[in-house]
Amino acid sequence: KQWYQRRVRAENRCQKAYPVASAAYMDSLPAHYTQAVHQRQLQHALHILRSRAKGPALSSYAAKLKEDCDQIWNDGRKGCEGVSLTGNPCVLPLHGTNRPHSNRLRMRSACSCGRSISYRSDPFTLESANHEFYQSLSEKCCSSLSQHRLFGRSKLSWVVCNLGPASSYQTTLGIEQPGFLLGSQYLLPWDLPPDENWTPEPKNAWRGKRSVRCYVGYEYECSKGHRFYCSTGGVPVKGSPANMVKDNTGGSNVMSDMVLYTSCPSHTNKPLLGQLMRIVVCSPEQVNLSVCLKVLYRNVLISLTGAENVQIPGGKMTAIRLPYVYCDEADSPLPFDIEAYLCKAALVPFRSNPRRRNDKK
């Protein structure tokens, strides 16, 4: 008789605990969700059941709870298991390959040349991340400029845009494009030695001689569309017309590994990640530039320019738009990581050939 009474009490506890545990499984569930979410909610529900019920009936109620939760998930609530290249899950119901993924997240990004900003969907493919978004904006903006799309690997594309003559850059105004944080729109001076040997020299080795001045900016962009130039170490540039940067800080940037990711200065409480997206450079007529882009991503060295470096003629203001997402040799996307660098000497100056210029004329 005592055994029977204990059995009845245990059964009653399980009956009372079961709807509480079942409600715990359903708590805050979206319309469609992944297997990982299903398993997490199921384990939470089982924990609620076991904390409220004991006895010989518990195992059968636990099995019933699992069966019921599995039935709820399998009955049209399975979510897609796809994950975006930025690590966010697809929120659509389970679907085939004929339907694109979506998580309804949107970020703000500038176009290749930087003159316009638009919303972009969270990308699920390298093609959409590095080409499709920029191509859609190019038709409205960048197509009026001379631009060249280049490839490092099959799906790692980057673009060189001619923004106009070098003389169009005004040091008192900086880059007049949308999205720049106040005071961070200024290119940094890059002084080259007066002779033709433009290889790195000891600091101040040619101080007092007349240098050849270029301007360069390493531009970062966060998911809110905020843009800012940085110096070495990912330190944001702060300038004004009354307090211009005059030292050869741009040269230090060129000859240093530049971090691929750094904190956006506009978000102090919960900083967003700013990504190196463009290099903008102005050089006089006599200075051509060879572009050699290599990214060190943990232990993976990624070459964007391949065996032959791209050359930029002197007298131009040029924007080099970098990939939004990088990939390894197997075309597998690499996660966003703060320990990633654009290798030094991405821009190598060499003197223009006057005779060759005359021949073209």
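Scope of this entry: the structure provided in the associated data block. Per-chain numbering applies: the sequence of each chain, read as written, is numbered from 1 onward. Selection of residues for local features in this predicted model requires a pLDDT of at least 70, selection of side-chain atom pairs for listing and counting requires 80 or more, and totals for whole chains, interfaces and linings are taken over all residues. The basis for every side-chain value is the complete set of non-hydrogen atoms in the structure, without hydrogens or water.

Bringing helix α3 (residues 58-74) into the picture now. With 17 residues, α3 ought to run about 24 Å at 1.5 Å a step, and its terminal C-alpha atoms sit 24 Å apart, in line with that. For α3, the full list of buried residues reads Leu58, Tyr61, Ala62, Leu65, Cys69, Asp70 and Trp73. Note on conventions: DSSP H or I runs of at least 4 residues are helices, E runs of at least 2 residues are strands, and numbering of each starts at the N terminus. The first or second residue beyond α3 is Gly76, which carries a positive phi of 80 degrees. Take the residue count of a helix, subtract one, and multiply by 1.5 Å to get its expected span. Categorising residues by exposure relies on relative accessible area from a 1.4 Å probe, with only protein chains included: less than 20% of the type maximum marks a residue as buried, more than 50% marks it as exposed, and the intermediate range marks it as partly exposed.

Let us look at the nonpolar core. In terms of nonpolar packing, the biggest core is built from 74 residues, with Tyr218, Leu293, Ile320 and Tyr326 touching the most fellow members. Contacts: residue pairs with any heavy atoms within 4.5 Å of one another. The residues touching Leu293, leaving out its near neighbours within four places in the chain, are Trp158, Ile279, Ile302, Ser303, Leu304, Thr305, Ile320, Leu322, Leu342 and Ala346. We call a set of buried residues a nonpolar core when its members are Ala, Val, Leu, Ile, Met, Phe, Trp, Tyr or Cys and they connect through side-chain atoms within 4.5 Å of each other. Ranked by size, the runner-up nonpolar core spans 22 residues in total, among them Cys14, Tyr18, Ala62 and Leu65.

Two strands are counted as paired when DSSP detects at least two bridges linking them. Reading across from one edge, β15-β12-β18 is the order of the three strands in this open sheet, with antiparallel pairing throughout. Each edge of the open sheet carries a strand with a single partner, namely β15 (310-312) and β18 (347-351). Going from strand to strand, the sheet's axes swing by 30 degrees on average, the running direction of each strand aside. Pairing analysis gives five bridges linking strand β12 (residues 287-291) to β18, with the strands arranged antiparallel. By the bridge assignment for β18, Val291 is matched with Leu347. Each axis is a line fitted through C-alpha atoms, taken for helices only over the stretch in contact, and angles between the N-to-C directions span 0 to 180 degrees.

On to the pairing of strand β1 (residues 106-110), then. The pairing of β1 with strand β2 (residues 117-121) spans five bridges and is antiparallel. Counterpart to Arg108 in the pairing with β2 is Tyr119. The loop that links β1 with its antiparallel partner β2 comprises six residues; one of these, Gly114, has a positive phi angle of about 90 degrees.

As a further point, take the pattern of salt bridges. Think of a salt bridge as a Lys or Arg side-chain nitrogen and an Asp or Glu carboxyl oxygen that are within 4 Å of each other. For the coordinates displayed, the defined rule picks out seven salt bridges. One salt bridge connects Asp70 with Lys66, and the closest N-O pair in it is separated by 2.9 Å. In this pair, Asp70 and Lys66 are both assigned in helix α3, four residues apart and thus about one turn of the helix distant. In this structure, Arg227 and Glu219 form a salt bridge, with 2.7 Å as the shortest nitrogen-oxygen distance.

Pairs of aromatic rings are described using the distance from one ring centre to the other and the angle between the two planes. Two aromatic rings, drawn from Phe, Tyr or Trp (for Trp, its six-membered ring), form a pair once their centres lie within 6.5 Å of each other, and the interplanar angle then sorts them: stacked below 30 degrees, edge-to-face above 60, tilted otherwise. What the rule picks out here adds up to eight aromatic pairs. Where Phe133 meets Tyr134, the ring centres are 5.1 Å apart and the plane angle is 75 degrees; that geometry is what we call edge-to-face. With relative accessibility at 3%, the residue Tyr134 sits in the buried group. Judged by centre distance (5.7 Å) and plane angle (50 degrees), the rings of Tyr261 and Phe336 are tilted. With Tyr261 in strand β10 (residues 261-263) and Phe336 in the loop between β16 (316-321) and β17 (340-342), this residue pair connects regions lying 75 residues apart in the sequence. Given a relative accessible area of 5%, Tyr261 falls into the buried group.

The subject of this paragraph is the sheet that holds strand β14 (residues 300-303). Here we have four strands laid out as an open sheet, ordered β9-β17-β13-β14, and antiparallel in their pairing. Both outer strands of the open sheet, β9 (258-259) and β14, are each paired with one neighbouring strand and no more. Of the pairings in the sheet, the one linking strand β13 (residues 294-297) to β14 comprises four bridges and is antiparallel in character. Directly across from Tyr297, in β14, lies its bridge partner Val300.

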